[in-house]
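Notes for the structure review
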Amino acid sequence: MSYRVAIVGATGLVGRAMLDILAERQFPIAELALYASARSAGTTVQWQGAALRVQELSPAAPSGHYDLALFSAGAAISRTWAPIFAQQGTTVIDNSSAWRLMPDVPLVVPEVNAHRALEHRGIIANPNCSTIQLAVALKPIVVLYGIESVVVATYQSVSGAGQRGLEQLAAELDGNEPTVRISHHPLAHNAVFHPLGPDGWSEEERKVMTELQWILELPSLAVVATCVRLPFFRSHAEAVWVECTRPVDIEQIATTLAASPGIQLLTDDYPTPRSASGSDSVWVGRLRRDPNNDRALALWIVADNIRKGAATNAIQIAELLAAQGILRNSSSTVPVTVQ
Ligand SMILES: NC(=O)c1ccc[n+]([C@@H]2O[C@H](COP(=O)([O-])OP(=O)(O)OC[C@H]3O[C@@H](n4cnc5c(N)ncnc54)[C@H](OP(=O)(O)O)[C@@H]3O)[C@@H](O)[C@H]2O)c1
C-alpha cells in the first residue's frame, strides 16, 4: 500500500529533512504535495528525480485528500490548519508546540510510547526536540530502576530556531549585521537563553519539563531544565543528572542502553553535536555514578535536532501507523478538541 502525503512547511529546515528521510526510508508514497507560505509558492523542489512545485497553504488546498499530513510550519499554522486536515480524514503528525499536551492528542516518541499513537483521533504531536532525545535515553533507566528526579542542562544549536537561527549566526560569523534575529544578544562566541517569561522560565524549559512527564507517563517526576543556545549549527547536547528509586549499577545501565532501540552508547569516546549530526540515533556517553548518591547517575545525551528531534521521529510515527494499517484517519467524524 502507498500513501498520499502532504508536507506543510516543506521549505523549512524540518520540512526539507522530511523530504530526505521519506526517500531514505523508502516510505511508500503514491502522491507527495508540498505546502509553504506565499513566499515560496511556485518554487520547485527536486525529489526522487521529480520537480515538485511548492503550493501556498490556502483554503483551496484539498485538505481531506491526503492520508497523511506532516506539519512543520510553526504553531500558529498548526493551530488553524491541523484540525481542518484532520476533520476531513487526513492524519496529521505535527511538529509544532500547538497540539502537545492536549488531552485528545497523543505526544509520541516511538521508542518510548508507541502505543499512544494508536489512540489518535486525527492529530498526533511530535514532542520538542530536546525532550525527544531525553525521553529515548531515560526510558530504559525508568524500566530498570524507576526514576524520581531529573536535572538537565541543554546545549542547543541555532538550527533549533529554524532557518532564522542559521542566518543570524552565519551573518555574525561573517562579520555582517544579521537581517533576522532569534536572540537580542549576539549568538557568535556566546551562550544565550530562549526568551524568558515573567516567571523566569523559558517556554523551552517548560516544554522539556512537562513533556518529559507526559511521555514517560510519570506525572510526579521532578524535572528541572535549563535550556541554553550555543553558537553551533546542528544537533543538541544535554548534560543530565538522574535520581532513581533504588541504587544503580552503572554496568547494568550501560548494557541496557547499548541494547535499547534508537540509542548508540559510546564508552571509548563521547558524542558531540558534530559527530551526531546527520544521524537518526540518540547518542549517549559519559555514564557516571553520582559519587555522593548511590541512586543517582550523570550522562551526556546528543542527537540531531532536525532529524531525530523532529523529522525522523514524525516519519517513524507514520511508519508505525502504516504497519498497523491505520495511517488513514478513519475517525474523521470524531474531531479533536479545537483550541
Ligand atoms: N528546527 C528544529 O530543530 C525543530 C525541532 C522540532 C520541532 N520544530 C518545529 O518545526 C516547525 C518548523 O521548524 P523549522 O526549523 O523547519 O522552521 P523554518 O526553517 O523557519 O521553516 C518554517 C517553514 O514554515 C513555513 N511557513 C511559514 N509561514 C507559513 C504560512 N503562513 N503558511 C504556510 N507555511 C508557512 C515556511 O515556508 P516559507 O519558506 O514559505 O516561509 C517554512 O517552510 C516549527 O513549529 C518548530 O517549532 C523544529
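Being a predicted model, the structure only gives us computed values, none of them experimental. (Residues numbered from 1 in each chain as written. Predicted model: local features only at pLDDT ≥ 70, side-chain atom pairs only at ≥ 80, totals over all residues.)

1. A few points about the domain arrangement of the chain
The figure often quoted for interface size is the accessible area lost as the parts come together. When the domains of the chain are assigned, the result is domain 1 (3–98 + 310–323) and domain 2 (130–305). With centres defined by C-alpha atoms, the gap from domain 1 to domain 2 works out at 27 Å. Domain 1 puts six residues into the contact, and the matching count from domain 2 is seven residues. Of all the elements, helix H9 (residues 307–323) adds the most residues to the side of domain 1 that touches domain 2, at three residues. (Domains from an automatic or database assignment. Contact = placed C-beta atoms within 7 Å. Helix = DSSP H or I, 4+ residues; strand = E, 2+ residues; numbered from the N terminus.)

2. Topic: the sheet that holds strand S1 (residues 3–8)
Read from one edge to the other, the open sheet built from seven strands follows the order S3-S4-S2-S1-S5-S6-S7, with strand pairing classed as mixed. Strand pairing shows two members of the sheet lacking a second neighbour, strand S3 (44–47) and strand S7 (123–125), which therefore form its edges. On average, each strand axis in the sheet is tilted by 25 degrees relative to the strand beside it, whichever way the strands run. Pairing of strand S5 (residues 68–71) with strand S6 (residues 91–94), which is carried by four bridges, proceeds in the parallel orientation. The residue bridging Phe71 from the neighbouring strand is Asp94, located in S6. Where H9 meets the sheet, its contacts fall on S5, S6 and S7, and the angle it forms with S6 comes to roughly 150 degrees. (Pairing = 2+ DSSP bridges. Axes fitted to C-alpha atoms, helices over the stretch in contact; angles between N-to-C directions.)

3. Structural notes on the sheet that holds strand S8 (residues 147–156)
The strand order S9-S10-S8-S11-S14-S13-S12 describes an open sheet built from seven strands, whose pairing is mixed. The strands lining the two open edges of the sheet, one partner per strand, are strand S9 (192–193) and strand S12 (263–265). Pairing analysis gives two bridges linking S9 to strand S10 (residues 222–229), with the strands arranged antiparallel. Paired with Val192 across the strands is Arg229, a residue of S10. Docked against the sheet, helix H4 (residues 129–145) engages S8, S10, strand S11 (236–244), S12, strand S13 (282–289) and strand S14 (296–303), running at close to 30 degrees with respect to S11. Each of S8 and S10 is contacted by helix H6 (residues 203–216), which is oriented at about 145 degrees to S10, the strand it contacts most.

4. What about the site of the ligand?
The environment of the ligand is formed by 29 residues, the closest being Gly12, Ser37, Ala73, Ser96 and Gly162. At the level of secondary structure, the elements contributing two or more residues to the shell around the ligand comprise helix H1 (13–24), helix H2 (75–87), helix H5 (163–173) and H9. A per-element tally of the shell around the ligand places H1 first, with three residues. Across the shell around the ligand, the residue classes tally to eleven nonpolar, 16 polar and two charged. Counting contributing residues, the shell around the ligand receives three or more from each of domain 1 (3–98 + 310–323) and domain 2 (130–305). (Near = placed C-beta within 6 Å. Nonpolar A, V, L, I, M, F, W, Y, C, P; charged D, E, K, R; others polar.)

5. So, the pairing of S1
Here six bridges tie S1 to strand S2 (residues 29–36), and the two strands are oriented parallel to one another. Residue pairing for S2: Tyr3 is matched across the bridge by Ile29. On the question of chirality, the crossover connecting S1 to the parallel S2 by way of H1 is right-handed. As judged from the four bridges shared by S1 and S5, these two strands associate in the parallel manner. Paired with Val5 across the bridge in S5 is Leu68. (Right-handed = clockwise from strand over helix to strand, strands pointing away.)

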